[in-house]
Amino acid sequence: MTGSMEGVERFDSPGKGRGLRVTRAFKVGELLFSCPAYSYVLSVKERGCYCEFCFNRKEGLARCGKCKKAFYCNAKCQKGDWPMHKLECSAMLAFGENWCPSEMSRLVARILAKKKTQKERCASEKILLIGEMQSHAEDEDNEKRQMSEADIAGMHRFYSKHLEVPEHKDLLTLFSQVACNGFTIEDDELSHMGTAVYPDVALINHSCLPSVIVTYKGTSAEIRAVQDMKPGDEVLISYIDLLYPTEDRNNRLRESYYFTCECQECKCKSKVRTSEQGREGTEEHFHELLEMCEQSLEEMGAVFDDANVYMLHMMYQAMGVCLYMEDPDGAVRYGEKILRPYRC
Ligand SMILES: [Zn+2]
Ligand SMILES: [Zn+2]
Ligand SMILES: [Zn+2]
């Protein structure tokens, strides 16, 4: 049995397998849906800055009295986090300085713990179950396999006391699922705060001309339209940074997600590329990028304010392009815009 969600539905996307499409019209900036994280983890380096449970940033967080490593808004957040924090609290004490699981292992440990208690479809799995997320364990090259093996060793070392660690083969599948479907949660300054899985969001296919973006509210993901959408349109996000040149983008997509993008942008760019040469072609590419940024900023500016994460991201990239094109005035203009929301 599959669940459902208002305004969107699962369907078979031609040439892509399963996907998500809208069942009604959405305007630029409109929220399609919000998805709570199935599991999430705050980065070790962000400890003390954010609450481990709700990802709120504030001064004077209270620390866990036992390990003194986890920080919370209040007793309620601490209590809420305990089912996950208990996987690490005493292990951190026992291992001391030697406690060093990868963020991937930490997230997978939380997924395993949640799977154990969560038997029903949860609020993050209205359309796709966590177990249905795509895995590419069979396609992994040696380097990736070694990384997974190291992560698995970390699981056994740091978590086996508090967790029933599944069979090796199942772990490889789970690590691959998380590698292909995990999301990095960014804070307002676009720095990496943590990692999470959102099964329903994992159903969305990639395009270099995305129709939606993902932003974060606490640990929840919000899917918002960046194009006007009509009923039946596929919901598409970009899995990678759009400002890489076409070939780069596709290398990255193949490396991390095991497919080649065939969106309009990629199809016509790969034709153009064969006739382009050297620096001239590159320069043209950067002019196009800057235009793309500016156009996008203009469209989005009508909906989002300058402090919005997506706007900042675009401005940051536009600044990079200006620097590359040796346009210091342009770079400074964007740089100042980026800093503005941080000035009081
Ligand atoms: Zn909190
Ligand atoms: Zn603790
Ligand atoms: Zn593409």
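Chains are numbered independently. Their residues run from 1 in the order of the written sequence. Throughout, the order in which chains and ligands are written sets their labels, letters from A for the former and numbers from 1 for the latter. The predicted origin of the model limits local features to residues at a pLDDT of at least 70 and limits the giving and counting of side-chain atom pairs to 80 or more, whereas totals for whole chains, interfaces and linings rest on all residues.

**Student:** Would you mind going over unusual backbone geometry with me for this structure?
**Tutor:** If a residue is not glycine, its phi is most likely negative; likewise, a peptide bond is most likely trans. Its identity is not glycine, yet Phe-55 carries a phi of approximately 65°, on the positive side. With respect to the helices and strands, the residue Phe-55 is situated in the loop between strand 4 (39-42) and strand 5 (62-63). In this structure Phe-55 comes out as buried when scored by C-beta crowding, with 23 C-beta atoms within 10 Å. Only DSSP runs of H or I reaching four residues or more are called helices, and only runs of E reaching two or more are called strands; each is numbered from the N terminus. To sort residues by exposure, count the other C-beta atoms lying within 10 Å of each residue's C-beta; 20 or more gives buried, 12 or fewer gives exposed, and values between give partly exposed, all with C-beta atoms placed from the backbone.

**Student:** Got a minute to help me understand the sheet that holds strand 3 (residues 31-35) in this structure?
**Tutor:** Two orientations exist for strands paired in a sheet by backbone hydrogen bonds: parallel and antiparallel. Ordered by their spatial adjacency, three strands build an open sheet running 3-11-10, and the pairing between neighbours is antiparallel. Looking at which strands have only one partner, the edges of the open sheet turn out to be strand 3 and strand 10 (212-217). On average, each strand axis in the sheet is tilted by 20° relative to the strand beside it, whichever way the strands run. Two strands make a pair as long as DSSP finds a minimum of two bridges between them. Where strand 10 meets strand 11 (residues 220-225), six bridges bridge the pair, whose relative direction is antiparallel. In this description, a line fitted to the C-alpha atoms serves as the axis of each element, helices being fitted only across the stretch in contact, and the angle between N-to-C directions of two axes falls anywhere from 0 to 180 degrees.

**Student:** I keep staring at the environment of Leu-174 and nothing clicks. Help me out?
**Tutor:** Here Leu-174 is to be found in helix 5 (residues 168-181). Taking the C-beta count within 10 Å as the criterion, Leu-174 has 23 such neighbours and is therefore assigned buried. Leu-174 sits 39 residues away from Ser-135 along the chain, and the two C-alpha atoms are 7.4 Å apart. With C-beta atoms placed from the backbone, a contact is any residue pair whose C-beta atoms sit within 7 Å. The contact partners of Leu-174, leaving out residues within four places of it in the chain, are Val-108 and Ile-111.

**Student:** Honestly, the UniProt feature "domain: MYND-type" (unreviewed entry) in the chain in this entry has me stumped. Any pointers?
**Tutor:** UniProt positions are given in the numbering used here, feature names are shortened, and annotations may be inferred rather than shown by experiment. This chain's UniProt record puts "domain: MYND-type" (unreviewed entry) on residues 51-89. For the annotated span residues 51-89, helix accounts for 31% and strand for 10% of the residues, and the straight-line distance between the end C-alpha atoms is 15 Å.

**Student:** Quick question: what am I supposed to make of the nonpolar core here?
**Tutor:** Generally speaking, a soluble globular protein has its nonpolar side chains buried in company with each other. Of all hydrophobic cores here, the largest spans 59 residues; its most connected members are Val-108 and Tyr-198. With six residues, helix 3 (residues 103-117) is the single largest residue contributor to this core. Not counting residues within four places of it along the chain, the set of residues in contact with Tyr-198 comprises Cys-35, Ala-37, Tyr-38, Ser-124, Phe-183 and Ala-221. The next biggest cluster of nonpolar side chains, apart from the first, holds 13 residues, and it includes Cys-293, Met-311, Leu-312 and Met-315. The term nonpolar core means buried Ala, Val, Leu, Ile, Met, Phe, Trp, Tyr and Cys residues held together as one set by C-beta atoms within 7 Å.

**Student:** Can you help me understand the packing of helix 3 against helix 4 (residues 142-159) in this one?
**Tutor:** For any two helices packed against each other, the geometry comes down to the angle between their axes and how far apart the axes lie. Running from N to C, helix 3 and helix 4 point in directions that differ by 60°, and their axes come no closer than 9 Å. The angle between helix 3 and helix 4 falls in the class oblique. By crossing handedness, the relation of helix 3 to helix 4 is classed as right-handed. Residues Met-104, Ser-105, Val-108 and Ala-109 of helix 3 form the contact with helix 4, whose participating residues are Asp-151, Gly-154, Met-155 and Tyr-159. Working rule for angles: under 35 degrees goes down as roughly parallel, over 145 as roughly antiparallel, 65 to 115 as roughly perpendicular, anything else as oblique. The hand of a helix crossing depends on one turn: near helix anticlockwise from the far one by less than a right angle means left-handed, and clockwise means right-handed.

**Student:** Looking at this structure, how should I read the sheet that holds strand 8 (residues 192-197)?
**Tutor:** Pairing within the open sheet is antiparallel, and its three strands lie in the order 4-8-7. Of all the strands in the sheet, just strand 4 and strand 7 (182-186) have a single pairing partner and so form its edges. On average, each strand axis in the sheet is inclined to that of its neighbour by 25°, with strand direction left out of account. One ladder, built from four bridges, connects strand 4 with strand 8; its direction is antiparallel.

**Student:** Help me understand the confidence of the model for the chain, please; the structure alone is not making it clear to me.
**Tutor:** Caution is warranted with low-pLDDT regions, since their predicted coordinates should not be read in detail. Chain-level statistics for the chain give a pLDDT mean of 86 and a share of 88% at 70 or above. Within the model, the stretch residues 274-279 combines pLDDT values under 50 with one contact to residues more than four positions away or in other chains. Per residue, pLDDT captures the predictor's confidence, and it can take any value from 0 to 100.

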